[in-house]
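Each chain is listed here by its residues.
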Amino acid sequence: MVNKLLYLCCFFITTAAWCQVTDAIQSTPEDAALVVNDTVANNTSVVAYDPLAPSKAAFYSAVVPGLGQAYNKRYWKIPVIYAGIAAGVYFYVQNDKDYDRFRNAYKRRLAGFTDDEFFGTGSEPVISNDRLIDAQKNAQKNKDVSILVAIGFYLLNIVDANVDAHLRQFNVSEDLSLQPKVEVDPIRAQTQYGLSFRYNLQ
């Protein structure tokens, strides 16, 4: 009787072990195929991340304004950048010329001359000395604002190239799923309802 029970236990142990080995051998190719298929399907939309791309884009824009935008393939931004820088430089030159005109006229008046362009034809000047001083201050202030605008567009060009290079590599998966979920609470034996929202970042 003991021998029969021993044989029976050995038979069940070897059968269970043999079944597990067989299942593992049979399931491995299918699982591998599924994993390979899923990986290939998901990797088609993934762009390789280049950690140096933002630095390159910022460096290119610092050397030549607009070159970082060309590196990021945002060509429409290049005319905007050059228009902003050119406007700042243009108004700086214009205000510098006005400043020189007002300053030269004021210097000639201090030297005793009455032949500047703001004096007019009569004995009294059309624009007084105080107004010339105010005009010089305004022209100087406008010069400062104009150069700040040009520098601001130059710096904005560098920041934009860097941020745009970062965002181009930020890949959001299109696999957004919203599905209802029904679970049975094993303790209370009641059905529980829920809603799950899946959002994958890659």
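Right above here is the structure, for reference.
Structure report, in brief. (Residues numbered from 1 in each chain as written. Predicted model: local features only at pLDDT ≥ 70, side-chain atom pairs only at ≥ 80, totals over all residues. Heavy atoms only, no water.)

1. Describing the overall build of the protein chain
Item 1. Secondary structure summary: the protein chain contains five helices and two strands in total.
Item 2. Taken from the N to the C terminus, the helices and strands of the protein chain come in the order α-α-α-α-α-β-β.
Item 3. Burial status across the protein chain gives 20% buried among its 202 residues.
Item 4. Here the analysis covers contacts within the protein chain between residues at least 6 apart in sequence; of these, 54% occur between residues at least 24 apart.
Item 5. For the protein chain, the computed accessible surface area is about 15,200 Å², with 63% contributed by carbon and sulfur atoms. (Helix = DSSP H or I, 4+ residues; strand = E, 2+ residues; numbered from the N terminus. Buried < 20%, exposed > 50% of the residue type's maximum accessible area, 1.4 Å probe, protein only. Contact = heavy atoms within 4.5 Å. Areas by Shrake-Rupley, 256 points an atom, 1.4 Å probe, with all protein chains shown as cover.)

2. Quick look at helix α2 (residues 53-63)
Item 1. Of all the positions in α2, only A53, P54, A57, A58 and S61 are classed as buried. For α2, the buried positions fall inside an angular range of 135° around the axis, keeping them on one side. Seen from the open side of α2, the exposed residues pointing more than 90 degrees away from its buried face are F59 and V63.
Item 2. Where the residues of α2 are buried, they touch α3 (67-71) and α5 (129-168). (Arc of directions from axis to C-beta.)

3. With respect to the side chain of Q136
Item 1. Counting through the fold element by element, Q136 comes out in helix α5.
Item 2. Residue classification places Q136 among the buried positions, given a relative accessible area of 8%.
Item 3. Setting aside residues up to four positions removed in sequence, Q136 forms contacts with Y99, F102, R103 and Y106.

4. Focus: the environment of K77
Item 1. Following the sequence through the fold, K77 ends up in helix α4 (residues 77-110).
Item 2. Excluding residues that lie within four positions of it along the chain, K77 makes contacts with Q69, D160 and D164.

5. Comments concerning a nonpolar patch on the surface
Item 1. Side chains of V89, Y92, V93, I147, L148, I151 and L155 sit close together on the surface and give an oily, nonpolar patch of about 580 Å² of accessible area.
Item 2. Mapped onto the nonpolar patch, the elements with two or more residues apiece are α4 and α5.
Item 3. Here the nonpolar patch takes four residues from α5, the largest share from any one element.
Item 4. Within the secondary structure layout, L148 lies in helix α5. (Patch = residues over 30% accessible without salt bridge, like charges linked within 9 Å, V, L, I, M, F, W, Y side chains within 5 Å. Salt bridge = Lys/Arg side-chain N within 4 Å of Asp/Glu carboxyl O.)

6. A word on the pattern of salt bridges
Item 1. Within this structure, the stated rule accounts for five salt bridges.
Item 2. For the salt bridge of K143 with D96, the shortest nitrogen-to-oxygen distance reads 2.9 Å. Here K143, found in helix α5, pairs with D96, found in helix α4; they are 47 residues apart in sequence, far enough to count as distant.
Item 3. Through salt bridges with shared partners, one network takes in R74, K77, D160 and D164.

Fair warning: the whole summary comes from geometry, so function is off the table for now.
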